[in-house]
Amino acid sequence: MQMADIPYNMPDPRGHFGPYGGIFVSETLIPALEELRTVYAECLSDPAFKAEFEYELKHYVGRPSPIYHARRMSDEFGGAQIYLKREDLNHTGAHKVNNCIGQALVARKMGKRRVIAETGAGQHGVATATVAARYGMECVVYMGSEDVKRQAANVYRMKLLGATVVPVESGSRTLKDALNEAMRDWVTNVGDTFYIIGTVAGPHPYPMMVRDFQAVIGRECLQQMPELAGRQPDYVLACVGGGSNAIGIFHPYVDFPDVRLVGVEAAGDGIESGRHAASLSAGRPGVLHGNRTYLLQDEDGQIIETHSISAGLDYPGVGPEHAWLKDSGRAEYVGITDAEALKAFHDLCRLEGIIPALESSHALAYAAKLAPTLSTDRIILVNLSGRGDKDMHTVAEKSGIQF
Amino acid sequence: MIPFITAGDPDAATTLPLMRALVAGGSDIIELGVPFSDPMADGPTIQRASERALAGGMSLRKVLGIVTEFRKEDAVTPIVLMGYANPIEAMGLERFVDSAVQAGVDGVLVVDYPPEECETFAATSKAAGLDPIFLLAPTSEDERIRDVGAAGRGYIYYVSLKGVTGSVALDFEEVSARIPKIRAAVGMPVGVGFGIRDAESARRIAAVADAVVIGSRIIEEIEQAGAAEAPARVQAFISGVREALDAERENVQ
């Protein structure tokens, strides 16, 4: 497979992906981010850090995660062969833990004994609580009070793991407000606290660091696809909320120009309805949560409330690297509605015996649309970023079933 | 003394009377908050003020309209807008700077614009006669203090504690030790804010700083008073702080 002439080397030293990214924070956090940049750079050049990260991924997370050829699904849609990268098989049930392990190791190197996190559906909160237990750190998770109500099981999981869950009552009481509150905690307790951001957003170096930790997904694919299918895929598909699972699988493929990268956003009730979370498809560049990126905002620059059936995609921004990949044309971004995602969820359950997360179901739904337009010798690789156990209630409710 | 209120809190009609009350109470500069949906650097009090203002339809454009009205009756009291980057970028940097100058705004403090991320904005503002005001924090080191000093104009806003607006723990000794050094390094007046809650804490800060910034405490007065009573309550509170500051000044002299 052909490689690009000039290797991709984003971001620049100050965290810019073209016009996106950067460090848009209040002055109080500037020294903390400077310290994080310095320590993270040391981690990157420290073979012992790398070895420990890999050891943990192998023995604690259960990596490498397999790639699975979804033959019945491929036959059903009639066209390209669909392969699934099984991040749902990781410890804690999603890709989130890869990043949490990495950041917890950085936190430990910095001597921080307290970690905080924001969470929407609770997956990143659970992953953070998990690694905090694993490394003996105090853990506080901020979660919008609306989400606390909707995700009672995950709240209990976090508590079982020893974390304190703080319901956030401000704003829309969802993920973005949890992120605001976590930032406030960090500003206040910056001396002893490490903020484990769950996605490829936030001020530099977070988008880069989270990408680096998640890129293990794509690196494994680079090795596994030739073993399994004899070559690299024609398409790589992943759902995009903040965009960490997508960046994780895209990044190692960026320098392979023949591999098309497609991010799938949550179109909710349809882009035209205004009730969606498709920042790249329907938003405009702006500044939020420490970086410049595409945002869903009104004409006065206020951030608007988003909607998706999947809480993990329900975010008004997106990682700055995706903004850059979109503008540069290296990746393309499409939308999948709640109804389409739900159908894909049921299809995968019945055809392959795999219950996918509603987030990942968005990527599967686009594969279902794309596959029939391609010949049977084409290959689509879908990042199955998480398992759907957490979504039982949502799906059952849509089907009119109560437990 | 530099009081802070959020434009549009508790409603758009009360902002102008509140600004008059701030002047009547003895304010030197007014910081007028531009409400934003996601005020990350602010505590719950100012966030509530933002939410009330946005619920009433306040916007950056309307804030500039309020300043234009204020200027018809008060050509002297400096006005500094304080807010977040996104509403400004949504309006467009140049259009914002032009409109702000035309409205009679004197300075602008964008909380999430550290100097390195707003070189164009700072240069455009300065050229148009709008002072870019920057923050310094207890965590800022010497080199940073010099860089921020070089980027800003007007005054430096020293955030007196690690935390968000309206927090309580204020370390007077830390502030007293830092301010003279910062003033020498930046060559500008230094205002101190975050955590100043009453005449006594204002007086102690004023003993070392060029100005004290009071925000959350005023918002609390507005919350408790309601729209009709807010201007009178705020004026009474501000007058009390003013007296304490004047007494401190005489004391020093």
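Residues numbered from 1 in each chain as written. Chains lettered and ligands numbered in written order. Predicted model: local features only at pLDDT ≥ 70, side-chain atom pairs only at ≥ 80, totals over all residues. Heavy atoms only, no water.

**Topic: the overall build of chain A**
Along the backbone of chain A there are 16 helices and 14 strands. For a compact globule of 403 residues, the expected C-alpha radius of gyration is about 22 Å, and chain A comes in at 20 Å, within 12% of that figure. Here the C-alpha coordinates of chain A stretch approximately 55 × 50 × 45 Å along the principal axes. In chain A, buried positions account for 65% of the 403 residues. Counted over contacts in chain A with a minimum sequence separation of 6, partners at least 24 positions apart contribute 73%. For chain A, the accessible area works out to roughly 14300 Å², and carbon and sulfur atoms hold 52% of it. A distance of 3 Å separates the average location of the 39 positive side-chain charges in chain A from that of its 49 negative side-chain charges. (Helix = DSSP H or I, 4+ residues; strand = E, 2+ residues; numbered from the N terminus. Rg over C-alpha atoms; globule rule 2.2 N^0.38 Å. Buried < 20%, exposed > 50% of the residue type's maximum accessible area, 1.4 Å probe, protein only. Contact = heavy atoms within 4.5 Å. Areas by Shrake-Rupley, 256 points an atom, 1.4 Å probe, with all protein chains shown as cover. Lys, Arg positive; Asp, Glu negative; His and termini not counted. Charge placed at Lys NZ, Arg CZ, Asp CG, Glu CD.)

**Observations regarding the overall build of chain B**
The secondary structure content of chain B amounts to 10 helices and nine strands. Here the C-alpha atoms of chain B give a radius of gyration of 17 Å, agreeing with the 18 Å that 2.2 N^0.38 yields for 253 residues. Principal-axis analysis of the C-alpha atoms places the extent of chain B at approximately 45 × 40 × 30 Å. Within the span of chain B, comprising 253 residues, buried residues form 60% of the whole. Averaging the coordinates of the 23 positive side-chain charges in chain B and doing the same for the 37 negative ones gives two points 1 Å apart.

**Topic: unusual backbone geometry**
Residue and element names in this part refer to chain A. Following Arg 63, the chain continues to Pro 64 via a peptide bond in cis, the omega torsion being -5 degrees. Topologically, Pro 64 is positioned in the loop between α2 (47-61) and β3 (67-69). Between His 204 and Pro 205 the backbone carries a cis peptide bond, its omega angle lying at 10 degrees. In the Ramachandran plot, Thr 92 falls in the positive-phi region, its phi being about 75 degrees despite a non-glycine side chain. By the element assignment, Thr 92 lies in the loop between β4 (81-86) and α4 (96-109). Non-glycine residue Arg 173 carries a positive phi angle of around 60 degrees. Within the fold, Arg 173 resides in the loop between β7 (164-168) and α8 (175-188). When its relative accessible area of 33% is taken as the criterion, Arg 173 is described as partly exposed.

**Some remarks on the pattern of salt bridges**
Residues and elements named next belong to chain A. Counted by the stated rule, this structure contains 47 salt bridges over all chains. One salt bridge in this structure joins Arg 37 and Glu 34, with 2.5 Å as the shortest N-O distance. One end of the pair is Arg 37 and the other is Glu 34, both in helix α1 (residues 30-44) and three residues apart, which spans about a single turn. Of the charged contacts in the structure, one is a salt bridge between Glu 56 and Arg 134, with a shortest N-O distance of 3.0 Å. Of the two residues, Glu 56 is situated in helix α2 and Arg 134 in helix α5 (residues 123-135); the sequence distance between them amounts to 78 residues. Under the relative-accessibility criterion, Glu 56 is labelled buried at 4%. A relative accessible area of 34% means that Arg 134 is categorised as partly exposed. Here the salt bridges do not stand alone but share partners, grouping Arg 63, Lys 85, Glu 87 and Glu 220 into one network. (Salt bridge = Lys/Arg side-chain N within 4 Å of Asp/Glu carboxyl O.)

**What to know about the interface of chain B and chain A**
With 36 residues of chain B at the contact, the number on the chain A side is 35 residues. We note a salt bridge from Arg292(A) to Glu89(B), for which the minimum N-O separation is 2.3 Å. On inspection of chain B and its partner chain A, the count reaches 18 residue pairs in polar contact (both at pLDDT 80 or more). Broken down by class, the residue content of the side of chain B that touches chain A amounts to 19 nonpolar, seven polar and 10 charged. (Polar contact = N/O pair within 3.5 Å; in protein donor to acceptor, adjacent residues only side chain to side chain. Nonpolar A, V, L, I, M, F, W, Y, C, P; charged D, E, K, R; others polar.)

**Thoughts on empty space enclosed by the protein**
Residues and elements named next belong to chain A. Inspection of every chain in the model, using the stated rule, returns nine cavities of 30 Å³ or more. Estimates place the volume of the largest cavity at around 400 Å³. Together, 30 residues line the largest cavity, and His 95, Lys 96, Gly 312, Leu 313 and Glu 359 are the ones closest to its centre. Contributing elements (two or more residues each) for the lining of the largest cavity: β5 (114-119), α5, α8, α11 (244-250) and α15 (358-370). Along the lines of polarity and charge, the residues of the lining of the largest cavity split into nine nonpolar, 17 polar and four charged. (1 Å grid on protein atoms, 1.4 Å probe; cavity = no way out; pocket = protein on both sides within 12 Å on 5 of 7 lines; lining within 4 Å. Points joined across faces, edges and corners; volume = space filled by probe spheres on them.)

**Some points on the packing of aromatic side chains**
Scanning all chains against the criterion turns up 13 aromatic pairs over all chains. Here the aromatic rings of Tyr157(B) and Phe194(B) are separated by 6.0 Å at their centres, their planes lie at 85 degrees, and the arrangement is edge-to-face. Of this pair, Tyr157(B) sits in strand β7 (residues 156-159) while Phe194(B) sits in the loop between β8 (190-193) and α9 (199-206), and the two are 37 residues apart along the sequence. Given a relative accessible area of 7%, Phe194(B) falls into the buried group. Above the plane of the ring of Tyr60(A) lies Arg134(A), whose end atom (NZ or CZ) is 5.7 Å from the centre. The ring centre of Phe172(B) lies 3.9 Å from the NZ or CZ of Arg204(B), which sits over that ring. (Phe/Tyr/Trp six-rings, centres within 6.5 Å; stacked < 30°, edge-to-face > 60°. Lys NZ or Arg CZ within 6 Å of the ring centre and 35° of its normal.)

**Focus on a negative patch on the surface**
A cluster of acidic residues, Glu141(B), Asp142(B), Glu143(B) and Asp147(B), forms a negative patch on the protein surface. Topologically, Glu143(B) is positioned in helix α7 (residues 142-151). (Patch = residues over 30% accessible without salt bridge, like charges linked within 9 Å, V, L, I, M, F, W, Y side chains within 5 Å.)

**Digging into the nonpolar core**
Among the nonpolar cores identified, the biggest contains 94 residues, and Met19(B), Leu32(B), Leu81(B), Phe96(B), Phe121(B), Ile205(B) and Ile218(B) are the most heavily contacted of them. A total of 10 residues in this core trace back to one element, the largest contributor, which is helix α10 (residues 216-252) of chain B. In terms of nonpolar packing, the next biggest core, distinct from the first, is built from 89 residues, Val115(A), Val210(A), Phe213(A) and Val254(A) among them. (Core = buried A, V, L, I, M, F, W, Y, C linked by side-chain atoms within 4.5 Å.)

**Remarks on the sheet that holds strand β11 (residues 284-288) of chain A**
Residues and elements named next belong to chain A. Sheet architecture is open: four strands sit in the order β1-β2-β12-β11, paired in antiparallel fashion. Here the strands that pair on one side only, and so sit at the sheet edges, are β1 (16-17) and β11. Of the strands in this sheet, β1, β2 (20-24) and β12 (290-295) are in contact with helix α13 (residues 320-328), which crosses β12 at around 45 degrees. (Pairing = 2+ DSSP bridges. Axes fitted to C-alpha atoms, helices over the stretch in contact; angles between N-to-C directions.)

**Some remarks on helix α14 (residues 338-352) of chain A**
Given a rise of 1.5 Å per residue, 15 residues ought to cover 21 Å, and the 21 Å separating the end C-alpha atoms of α14(A) matches this to within 8%. The set of residues buried in α14(A) consists of Asp338(A), Ala341(A), Leu342(A), Ala344(A), Phe345(A), Asp347(A), Leu348(A), Leu351(A) and Glu352(A). (Expected span 1.5 Å × (residues − 1).)

**Things to note about helix α3 (residues 60-73) of chain B**
Residues and elements named next belong to chain B. End to end, α3 covers 21 Å across 14 residues, agreeing with the expected 20 Å (1.5 Å per residue, within 8%). Of all the positions in α3, only Leu 60, Val 63, Leu 64, Ile 66, Val 67, Phe 70 and Arg 71 are classed as buried. The buried residues of α3 occupy an angular sector of 155 degrees when projected down its axis, which confines them to one face. Residues of α3 that are exposed and point more than 90 degrees away from the buried face comprise Arg 61 and Lys 72. The inward-facing, buried residues of α3 contact α1 (12-24), β2 (30-33), β3 (79-83), α4 (85-91) and α5 (93-103). (Arc of directions from axis to C-beta.)

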